[in-house]
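Chain and residue survey
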Amino acid sequence: GAGVSQTPSNKVTEKGKYVELRCDPISGHTALYWYRQSLGQGPEFLIYFQGTGAADDSGLPNDRFFAVRPEGSVSTLKIQRTERGDSAVYLCASSPTRQETQYFGPGTRLLVL
Amino acid sequence: KQEVTQIPAALSVPEGENLVLNCSFTDSAIYNLQWFRQDPGKGLTSLLLIQSSQREQTSGRLNASLDKSSGRSTLYIAASQPGDSATYLCAVGRRNTGNQFYFGTGTSLTVIP
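Residues numbered from 1 in each chain as written. Chains lettered and ligands numbered in written order. Predicted model: local features only at pLDDT ≥ 70, side-chain atom pairs only at ≥ 80, totals over all residues. Heavy atoms only, no water.

What to know about the interface of chain B and chain A
In many reports, interface size means the accessible area that the parts give up when they come together. Selection criterion: Note on contacts: a residue pair qualifies if any of its non-hydrogen atoms lie within 4.5 Å across the two residues. Here, a salt bridge means any side-chain nitrogen of Lys or Arg that lies within 4 Å of a carboxyl oxygen of Asp or Glu. Nitrogen and oxygen atoms within 3.5 Å of one another constitute a polar contact, given that in protein one can donate a hydrogen and the other can accept it, and given that sequence-neighbouring residues count only through two side-chain atoms. For the purposes of this entry, the term helix denotes a DSSP run of H or I that reaches at least four residues, the term strand denotes a run of E that reaches at least two, and both are numbered from the N terminus. Each residue gets one label: Ala, Val, Leu, Ile, Met, Phe, Trp, Tyr, Cys and Pro are nonpolar, Asp, Glu, Lys and Arg are charged, and the others, such as Gly, are polar.
Taken together, the contact between chain B and chain A spans 23 residues of the former and 22 residues of the latter. Joining chain B to chain A, the criterion identifies 0 salt bridges. Run the count over chain B and chain A and you get 4 residue pairs in polar contact (both at pLDDT 80 or more). Within the residue set of the side of chain B that touches chain A, elements represented by two or more residues are strand 4 (30-38), strand 5 (44-51), strand 9 (86-94) and strand 10 (101-103) of chain B. Of the residues assigned to the side of chain B that touches chain A, the class counts are 7 nonpolar, 14 polar and 2 charged.

Here it is in structure tokens:
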């Protein structure tokens, strides 16, 4: 079946602009996670959704970052007033329940100039 | 905060050799532990998931062990192949509402034909 998909695969923007990154989880997966991976590092947790609600957003670095999952499937990560330090690969993962294997998408490479 | 360390950072072996990758974590109160591989420019592929109550998991040529009390996990790869060349990431599941992962920085493996 289809895996986790993320769009766009690459995004180049200018400092100060607003960006949206989309994640389509595996159908039926109730748990959805966003991570951020900088070059040479492991992924870093940003936010976790259980259904439509953000169960844990403790990893969001500041209030410029926000994510939604209005119907419990597709999720959008929104970054306002982008900064060069936001440049990274943003990864989305989903799992049937929180106890089970997380399946990752290919990521969105964000470059802020 | 959970700290996850992976040793070695890089490893190069001849084809056919058996090898062990190491992962250590500072807080033994984990939910589970998952090993992933990441190919250059790609997302993460799940290899093995070990629940906190388990000691090991096996899949094909891969065997992962977990010793919570000492804060260690190992990934054993038997009869390595060039196709095993990738970065291997260890992720420790946090025991709270969401099972967010804390990742190590990975071991970059090269299997030489």
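Still to come is the rest of the account.
Focus: the sheet that holds strand 8 (residues 75-79) of chain A
All names here are of chain A. Heads up, the rule is: Note on pairing: two strands pair once DSSP finds at least 2 bridges between them. The convention used is that axes are lines fitted to C-alpha atoms, helices contributing only their stretch in contact, and that angles between N-to-C directions extend from 0 to 180 degrees.
Strand order in the open sheet formed by 4 strands is 1-3-8-7, with antiparallel pairing between adjacent strands. Whereas interior strands pair on both sides, the edge strands pair on one side only; in this sheet they are strand 1 (5-7) and strand 7 (65-68). Strand-to-strand, the axes of this sheet are offset by a mean angle of 15°, without reference to chain direction. Where strand 7 lies against strand 8, 4 bridges are found, and the strand directions are antiparallel. Opposite V68, over in strand 8, you have T76 as the bridge partner.

Focus on the sheet that holds strand 3 (residues 19-25) of chain B
Residues and elements named next belong to chain B. An order of 1-3-8-7-6 is seen for the 5 strands of this open sheet, with the pairing classed as antiparallel. Among the strands making up the open sheet, the edge pair consists of strand 1 (4-7) and strand 6 (56-59). Averaged over neighbouring strand pairs, the angle between their axes works out to 15° when direction is ignored. Here strand 3 runs beside strand 8 (residues 72-77); their pairing, made up of 6 bridges, is antiparallel. Looking at strand 8, one finds that S24 is bridged to R72.

Looking at the nonpolar core
Within soluble globular proteins, side chains that are nonpolar generally end up buried alongside one another. We apply this condition: Only buried residues count toward a nonpolar core. Its members are Ala, Val, Leu, Ile, Met, Phe, Trp, Tyr and Cys residues joined through side-chain atoms within 4.5 Å. The cut-offs for exposure are 20% and 50% of the maximum accessible area for each residue type, with area from a 1.4 Å probe on protein chains only; residues under the lower value are buried, those over the upper are exposed, and the others partly exposed.
Ranked by size, the top nonpolar core spans 23 residues in total, and within it L33, W35, L75 and Y88 of chain B carry the most contacts. Where this core is concerned, the elements lending two or more residues are strand 3, strand 4, strand 5, strand 7 (62-67), strand 8, strand 9 and strand 11 (107-112) of chain B.

Topic: the pairing of strand 4 of chain B
All names here are of chain B. Across the 9 residues that make up strand 4, a large majority, 9, are buried. Bridge count between strand 4 and strand 9: 7 bridges; the pairing is antiparallel. When the sheet's bridge partners are listed, L33 is paired in strand 9 with V92. When strand 4 meets strand 5, the two strands line up antiparallel, connected through 7 bridges. Bridge pairing in strand 5 places F36 opposite S46. What sits between the antiparallel neighbours strand 4 and strand 5 is a turn of 5 residues, in which G41 has the positive phi angle 70°.

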